[in-house]
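# Geometric and topological summary
So you can see what is in the structure, the chains are spelled out below.
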Amino acid sequence: MPTEKVSLDVTEAANFIFDMSRCIKCKGCTWVDHIYMPGVKYSTRCPSATRYLFDSYGAYGKMRIGLALLEGRLEYSDELLKILYACTLCGACDVGCKRNLDLEIELALEALRIQAVKDGKGPMPEHKKIAKNIMEKHNSFGAPHKNRTKWLADGIKPSPKADVLYFVGCSASYVHPEIAQATAKILDASGTPFMLLPDERCCGNILYSVGMVDEAREVAQQNIDAVRQTGAKTLLTSCAEGYRMWKVDYPKILNMSTADLGFEVVHLTEYVDGLVKDGALKLANRVDLRLTYHDPCSLSRLSEPWVPWEGERGLWGVVDPPLERRRGTNGVYQPPRDVLSSIPGVELTEMPRMRENAFCCGAGRGTKEAFPDFASWAAEQRLMEVKEVGAEAIVSACPWCKDNFSEAVGNNGSDLKVLDFSELVLSAIGSTGQGR
Amino acid sequence: MSTREGLLKLVGPESFSDDPEVLKAYSTDFSLVPPGVPNYVVKAKKAEEVQKVIEFANAHSIPMVPVSSGAHFYGTTIPKQGGIVLDLTAMNKVFEIDEFNKRVRIGVGVTWEQLTSELAKKGFRIVMPLLPHPLRSVVTDYLEREVPTNTVYDYGEPLQSMEVVWPTGEVFRTGSASVTGYPDSPSKGGNPSGPGLDFYRLLQGAQGTMGVVTWANLKIEYLPKIDKILFAPVRDLDYALEFLYRILRIRIGQECLLLNSVNLATVIADDWSRDFEKLSVSLPPWTLILVISGFQRRPEEKVEYEEHTLAEILRNEFPEIQLADHLPGFPGLGKKLLPRLRKPWPEQATYWKQRPKGGCQSLFFITKPTWVTRFVGKVEELAAKHGYPEADIGVYLQPIEHNRACHLEFNLFYDPASDSEVERVRALYGEAVKVLLGEGALFTRPYGEELTNLVYERAADYTMTLRRVKSIFDPNKIMNPGKLCF
Amino acid sequence: MAISKEAYSVLESIVGPEYISADPAICEGYRAGPGGYECGLGYERVMTRVPGCVVMPRTTEEVQRIVKVCNRYGIPYVPYSTGFYGARSHPHVSDALLIDLKRMDDFEIDDKHLYAVVGSGVVYSQLQEEAMKRGMYIIVGGGGSQVSAIANMIGDGWSPLSYRIGLPHRRILGTELVLPDGELVRLGSLAFQDDPFWGEGPGPDLRGLLRGFTGHRGFLGIVTRMAIKLLPFQPERLEPTGISPHTTLQLPTNRVKWINFTMPSKDSMQQAMVEMAKAEIGGAVTKVPIFWRAIARAGSKEEFWELWSKETEETIRDFHVLRVLLIGFTSEEQLEYEERVLMDIIGELGGEARRTRPTDESWFKNADSAGMWLMCGGYVSVDYVIETVEHAIPHGENYAKLKRNYTPPLMPDYGDPGWFQSFELGHQGYSEFLVYWDPSENTDGVDQFYLETSKENIRKRFYTSLLGSHQPLYLTGPAFGPNYHKWLLEVKEEFDPNHVCHPPVPLAHDAFVERAEWMKPLKDWEGPAIADEP
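An account of the accompanying structure is given in this report. (Residues numbered from 1 in each chain as written. Chains lettered and ligands numbered in written order. Predicted model: local features only at pLDDT ≥ 70, side-chain atom pairs only at ≥ 80, totals over all residues. Heavy atoms only, no water.)

The interface of chain C with chain B comprises 96 residues on the first partner and 100 residues on the second. Interface area, chain C with chain B, both sides summed: about 8,600 Å², of which 57% is carbon and sulfur. Looking at the side of chain C facing chain B, the largest losses of area belong to His427(C), Arg461(C) and Trp487(C), adding up to 10% of the total buried there. Along the contact surface separating chain C from chain B lie 18 salt bridges. Here Glu301(B) ties to Arg340(C) by a salt bridge, and the two come within 2.6 Å at their closest N and O atoms. Counting residues per element, the ones that place at least two in the side of chain C that touches chain B are helix 7 (162-165), strand 9 (184-187), strand 11 (231-232), helix 8 (266-279), helix 12 (332-348), strand 19 (378-387), helix 13 (389-403) and helix 16 (484-495) of chain C. (Contact = heavy atoms within 4.5 Å. Buried area = accessible area lost by both parts, 1.4 Å probe. Salt bridge = Lys/Arg side-chain N within 4 Å of Asp/Glu carboxyl O. Helix = DSSP H or I, 4+ residues; strand = E, 2+ residues; numbered from the N terminus.)

All names here are of chain B. With 20 residues, helix 13 (residues 419-438) should reach 28 Å at 1.5 Å per residue; the first-to-last C-alpha distance of 29 Å fits that figure. Along helix 13, the residues classified as buried are Glu-421, Val-422, Val-425, Leu-428, Tyr-429, Gly-430, Ala-432, Val-433, Leu-436 and Leu-437. At its buried positions, helix 13 is contacted by strand 15 (359-367), helix 12 (372-385), strand 17 (405-414) and helix 14 (449-458). Looking one or two places after helix 13, you find Gly-440, whose phi comes out positive at around 105°. (Expected span 1.5 Å × (residues − 1). Buried < 20%, exposed > 50% of the residue type's maximum accessible area, 1.4 Å probe, protein only.)

Residues and elements named next belong to chain B. Taken as a whole, this structure holds 18 cavities of 30 Å³ or more when the rule is applied. Of the volumes computed, that of the second largest cavity is approximately 330 Å³. Ser-68, Thr-140, Glu-144, Gln-207 and Gly-208 are the residues nearest the centre of the second largest cavity, which is lined by 28 residues in total. If you list the elements that add at least two residues to the lining of the second largest cavity, you get strand 3 (64-67), helix 5 (138-143) and strand 10 (212-219). Ranked by residues supplied to the lining of the second largest cavity, first place goes to helix 5 with three residues. A per-class count over the lining of the second largest cavity returns 13 nonpolar, ten polar and five charged. (1 Å grid on protein atoms, 1.4 Å probe; cavity = no way out; pocket = protein on both sides within 12 Å on 5 of 7 lines; lining within 4 Å. Points joined across faces, edges and corners; volume = space filled by probe spheres on them. Nonpolar A, V, L, I, M, F, W, Y, C, P; charged D, E, K, R; others polar.)

The partner chain C presents 72 residues to the 57 residues of chain A that form the contact. Together chain A and chain C conceal approximately 5,200 Å² of surface at their shared face, both sides included; 61% is due to carbon and sulfur atoms. Our count for the contact surface shared by chain A and chain C stands at four salt bridges. Of the charged contacts in the structure, one is a salt bridge between Arg51(A) and Glu18(C), with a shortest N-O distance of 3.7 Å. On inspection of chain A and its partner chain C, the count reaches 35 residue pairs in polar contact (both at pLDDT 80 or more). Of all the secondary-structure elements, those providing two or more residues to the side of chain A that touches chain C are helix 1 (17-21), helix 2 (47-52), helix 3 (59-70) and helix 4 (78-85) of chain A. Among the elements that take part in the side of chain A that touches chain C, helix 3 of chain A stands out by supplying six residues, more than any other. (Polar contact = N/O pair within 3.5 Å; in protein donor to acceptor, adjacent residues only side chain to side chain.)

With that settled, consider the arrangement of the chains. Looking across the two pairs of chains in contact, one finds the most contacts between chains B and C. There is a gap between chain A and chain B: no contact, and a shortest C-alpha distance of 22 Å.

Geometrically, the link from Gly122(A) to Pro123(A) is a cis peptide bond, its omega value of -5° lying close to zero. Looking at the secondary structure, you find Pro123(A) in the loop between helix 6 (105-118) and helix 7 (125-137). Between Gly201(C) and the following residue, Pro202(C), the backbone shows a cis peptide bond with an omega angle of 10°. Positionally, Pro202(C) belongs in the loop between strand 9 and strand 10 (222-229). Unlike most non-glycine residues, Arg145(B) shows phi in positive territory, near 60°. Here Arg145(B) shows up in the loop between helix 5 and strand 8 (159-165). A relative accessible area of 7% means that Arg145(B) is categorised as buried.

Structure follows, in structure tokens:
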């Protein structure tokens, strides 16, 4: 059998025809890992499949639809675009499938969106508005660019130069300043000097996520150059989406490795975990709270570093050179848990769907903007789980999660607290939070 | 040629009879089902003979009633519309005892007496219902879903594959015996299911209305190396049932059953006139009988771990249950009962259900153990209403498969020579089945016209579907017409 | 002809607009292949179609009404719970209505009486967890945790744990069945009352219509609700551990334990099974095909091939590993007793225990069944037969011989005769033969091999699971029963007079042989008249 050239380049959807054609409809992409199956409730981890129910909305349906599109057997339609876009690209399908198989489901979904944009059919109208905001005002909200640093409160003094660069992100800059402020205070309390980008701009998460890869590439290159210019050794973020964008998707669309960025990309949860374990940060204040931790998708399943790959595929589908696939095993699962459970008074209780089985909040990667009902519904589903385990608070590590959960809680009129990791850590820092 | 002549020519005079005395013998049985006389009796020894007769019956639209046992208690073989009784009792070959696969293949005429003796010679037993009549056909009793006394095997039914002659006259093998040339095949007949449909299910509970089974494969088990029979006197039935929920779920025991004092007395009385009355009043209201066994390897160790667990549970959770290797006040009971549980009732003796008065109307159904005392109370209430002494009712409770369900049986004894007793039992039974059915009793084996009609009226969609299936297999409606809903 | 507007609007009024669609994108999502069980093969390419419309009912009543509408308007329909069985569970004619049952996910459990009541949308994974939480367990069939419990209970339904628990046929309790013409029949205790705890009767047992040895794949109606027996287990938790892809259940080894043994020969393996069954110990016992070991060790497809290419006919032939599961149902002491007995047996036969991980990801939760497709991308079991142990061994050996003629395109397995084990404490035996291929290659040989195995069974008088709709009915029919096909077709005709329930099954494989050029030369039996698909 002749070999065919193949690569993980998402800008060529044909690279994923093999993966789409080998989907066996086992729904490993939809169900919670059977080993961890909690029972008849909370059995799925794909919000799209769970909400819309038709097979077509699960990855197993999308693989067939994608194949039909690429083979010219299916035309674009409103329904098809909804199938492609009413999905947070949370990676549950990818990790679920890769428990047993070697198929690149997430990349196939990304490639299909890129194809849809190429074909002039995607993204959704709401996404086009956001794209315009980003290209013109450098934030997804279309708010004035100059207001980006308004979150800086008194007492927060970034250094002009430091090893750590704090990349704040659009949401913490404009909508959830408490997260940015808490992050800055944590860094201060640990004696960690940090700097900001002189002219921070949107990471381009939504651009890439909806398939606007050319625009995303432009943004990526600009941003990487800007960081390199600062000489930062570490890019720190408190936003899971931004984390994934910098660590995984920038290298992906620039055809380089994460290791080649020239700086380390670290999330606040990892960073704080290191500080606590090194003794540089003391979490001595008691916080009496029974809480549960929600794994943000981009920090967990989707966060393993990127290495570009190209090679050949031959008989039995064997590839050469061998490919170490990203299966979500090494996501940032444990560090936030270690930190939270080290806070005196905190009772960390786990939801049935945790770690790589977490049920996405429903907001990410442009989904909430185009499908607000779907995002609310997903958040409500997750909050039912929170209630099930008797938690008083849900803690996540992404402003987009916080945003969506807060809105859902507000709509339900419940008294559940929705907190970001940074806020909780800040309240646990005593007056001498510093280790030295 | 007349029907008689045709039939006589077909089977030969040795296999044929229409002698009124002979016909009369098939027209009644030990039940209260009204008599029905056949027109002819034909004996068959081989499947080919069965086939010939059925083809003949089909061609002439003559009812056929297959009979495989030497004793009948439910009226299933009493012809309702005349016709031919096909006596299969001579099809009593034990074809093979297959040790390697723990299987026996027997003709439909093989009786409990015959089979248990043959198996015991080779160190085997078959899971059995309680004290079956020695002349009952093993195959037919299992086709009719008699409930075994052993609760521990998860694979339940001993029936495997079979040979059947359909009402249309075709010989057919079910399950893995369906391969061409069986038994000359690598297939041994160990799988009851298929081919294509689960034919064996349609033959179960059918009272001979769906075809004539000529032989069957059944599962056999090794005789345990050690058996210990234990007893507990029971006054609080619910409490005892909770105990059974507990221990049967953790796979303790082989045979496990409860008999009330009347039934136990009936079974164990040696000299009837001397012993029965005394036993009836001196035995505890209920006796729990539990056998624990050690198997082929390290048998003592198996008994040991079961005893340890039992002791712990009794001590910590069920202190009121006095489970012991004897029943206080009744020496030698274990020695007497244990062999009885592995054999049919002795052939020479009056069958135990007939010992009290000669006649016995059995009322039985499947239910959940948790509902048992409610049903017992109801039957007692109805008995009182009909003037039937409560102290005369025999009750048998058989847990099924880890006590997920149970077979509950009430034995209403009566003197068949006494019109008033017969009437009383008939009336009591008639009302009881109606009331109990309404309260959720599952009469999965409806015998007798009254119960049958009640059940099939209630199960309307089942009845309709069953009739449609029957019309496929028996388009000329010749097989035991008038039984079930046919 | 597409579903008419009138029919569509009636169907929509039954389920509501949110649960029906004829959109091409929606329907395309339900395509059988090209990946899946028995997919990427001729049968899937020639016989399956994308549905013309998909509907998702919630209740038995809705299913009934839908089926009656199909009968009224002549709409072919196919019931569908997960579609994982592959080609045969998908529409075989154009413009069919696919009745997706996933919304029928009601669940009840009666712990005390050891049964659960499920709708067609409940999968084994969910049921097993609910059972195990309460000290019970079920068999998760070889199809995996992801299959519909009902579909598997009426289709297949066994695993190595069937050594103790036995056939699924015995575990079906009260059931609701919507017949092909839309009539509802309630089986078992549901015929009389509302609690489905019992499965028999009244009288003749119509559960006989639900399946044969294997199932109907939906051509004889739709089961919408079923009570399923649960089996008592042991009280300790099997703790889920690990992060994907290395998730597994940690076994409480004082109560649940696998032990692998190297045995000196195949005969000694068989003998070990017989002795275990005689001693009535164990929760499962199976031969381990060396193949499974390679899959378990491989972290990727490439690793598998690296490992597999080192094997030879000799290594296969000389690999005799027996895997035994002990379950302490009664107590720790009981497990210890069984282990002593087991060691006695193994010692007598010259076997040796190997180090065995105290974990399981394959048979309690069967989380790794999808791994069957890792190696090649194509997979089907060309037979999985329950008979006796004596039948199991030659059956596999025969297939191995026959398979040589078809390798390639079949994956090389160096003569591996498949796996076999003991079922129902030695009263039965089991053999399964799995084959794999690369769907990118010419797979005509796989289709032909599949049919040849049926002929081989007939020639050699083996029993087979691939009867009914799985192979040409007019080929297998005369050879088993004989003429079981006559009854099957009469039952089908009685209950589906309008021929709307999953046409043309059970004659689909007969049709395939007529329609596929590369199959025609194999046809050497009298077949039925097969209409062309318009």
